[in-house]
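One letter stands for each residue in the lines below.
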Amino acid sequence: MPLRIAIHGKSFSAENRPLMENLWDILCKKDCQIVLSAFFKNHLAEHNFQVGDIESYAELSGTPADVQMAWSIGGDGTLLETLTHIGNKELPILGINTGRLGFLATLSPQDVSVAVDQLIAGNYRIEDRTLVSVHSEIDLFDGKQFGLNEVGIMKTDTSSMIVIKAFVDGNYLNTYWADGLIVSTATGSTGYSLSVGGPLVMPSSDILIIAPMSPHNLNVRPLVVSSDAKLKFEISSRSQNFLISIDSRSRVIDSKFSIEVQKAPFTAKIVKIPGDDFLQTLRNKLNWGLDVRN
């Protein structure tokens, strides 16, 4: 039975066109059934790809129920966007990296042909990744209140820090005077959390990381808590508002609203081809082991 795949991608540059042409040829030769996101289908058509007869889906309605897998073609941001199409369907997702760094989208385009053979043969594994959800008195993100990497609470301007009063399971934790605060999943430990001094964590770990951004008190350090913890934040600022973000989505809201963060009731399922593991990614992306003594 042909593998039925939902594919989403972002716009690609002229230098990436040969990669896309090769990828498209592989998919056609492997007799995969393809469903394209409306955006990606339009973009391919603009670049003269023959996609007129290919089925498509609207991003707002999400991936069709009858597909077996989703593919993301781009960088990590594209994979995060694809995840919003999948929602709570828990559809396995494979990230093909045509971007730069890529901690989530780790499969290189030149390895796609072998990868498709592995997928058809069932020779792959699926990693369950914890998702984080955010809630307030208002609908923050049009019903898509979940993310794979992190929730961010940040000031909206460059003039002054914000004050974030934090609670864990109803117990007072700390009041952060800072530019903001990141609540990261284990998967997100290589993202925004890392840039503000958070720890690197194995992505299968069932934890959340609370990491302040540029805290005024230098003895305030990142804290790792159980993913079962229920976090609440009360924010005050001179501008009377703050920025709330989840992965690559963000909006400004009034500081009268509190924010609650906890583990989402469903997971992201990341497809891994044999030979692709987190430690290898650390070595490749962060140059671990790149030492004259080695």
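This write-up is about the structure you can find in this document. Please read all numbers here as calculations on a predicted model, not as lab measurements.

**Some points on the environment of F103**
Part 1 of the reasoning: With respect to the secondary-structure elements, F103 resides in the loop between β5 (93–97) and α4 (112–120).
Part 2 of the reasoning: Setting aside its immediate chain neighbours within four residues, F103 contacts D76, T190, T281, L282, K285 and L286.

**Considerations on the pattern of salt bridges**
Part 1 of the reasoning: Applying the stated criterion to the full structure yields 11 salt bridges.
Part 2 of the reasoning: For D128, the salt bridge identified is with K269, shortest N-O distance 2.5 Å. Linking D128 in strand β6 (residues 125–135) with K269 in strand β17 (residues 259–272), this pair joins segments that are 141 residues apart in sequence.
Part 3 of the reasoning: Relative accessible area serves as the criterion here: at 19%, K269 is assigned to the buried category.
Part 4 of the reasoning: Among the salt bridges present, the one from K263 reaches D206, with a minimum N-O distance of 3.6 Å. In this pair, K263 is assigned in strand β17 and D206 in the loop between α5 (192–195) and β12 (207–213), connecting sequence segments 57 residues apart.
Part 5 of the reasoning: Owing to a relative accessible area of 27%, K263 belongs among the partly exposed residues under this scheme.
Part 6 of the reasoning: A single salt-bridge network, built from bridges that share partners, covers R4, E55 and D66.

**Describing the packing of aromatic side chains**
Part 1 of the reasoning: All chains considered together, the criterion is met by 4 aromatic pairs.
Part 2 of the reasoning: Geometrically, the ring pair formed by F12 and F49 is edge-to-face, given 6.2 Å between the ring centres and 85 degrees between the ring planes. Of this pair, F12 sits in the loop between β1 (4–9) and α1 (17–29) while F49 sits in the loop between α2 (38–46) and β3 (55–57), and the two are 37 residues apart along the sequence.
Part 3 of the reasoning: For F12, a relative accessible area of 10% translates into the label buried.
Part 4 of the reasoning: Measuring from centroid to centroid gives 6.4 Å for W24 and F49, while their planes differ by 85 degrees, and the two rings are edge-to-face. You can see W24 sitting in helix α1 and its partner F49 sitting in the loop between α2 and β3, a full 25 residues away along the chain.
Part 5 of the reasoning: Overall, F49 belongs to the buried group, its relative accessible area being 9%.
Part 6 of the reasoning: Over the ring of F146 we find R249; its NZ or CZ atom is 6.0 Å from the centre of that ring.

Calculation rules
- Residues numbered from 1 in each chain as written.
- Predicted model: local features only at pLDDT ≥ 70, side-chain atom pairs only at ≥ 80, totals over all residues.
- Heavy atoms only, no water.
- Helix = DSSP H or I, 4+ residues; strand = E, 2+ residues; numbered from the N terminus.
- Contact = heavy atoms within 4.5 Å.
- Salt bridge = Lys/Arg side-chain N within 4 Å of Asp/Glu carboxyl O.
- Buried < 20%, exposed > 50% of the residue type's maximum accessible area, 1.4 Å probe, protein only.
- Phe/Tyr/Trp six-rings, centres within 6.5 Å; stacked < 30°, edge-to-face > 60°.
- Lys NZ or Arg CZ within 6 Å of the ring centre and 35° of its normal.

Purely geometric stuff here, so don't read any function into it on its own.
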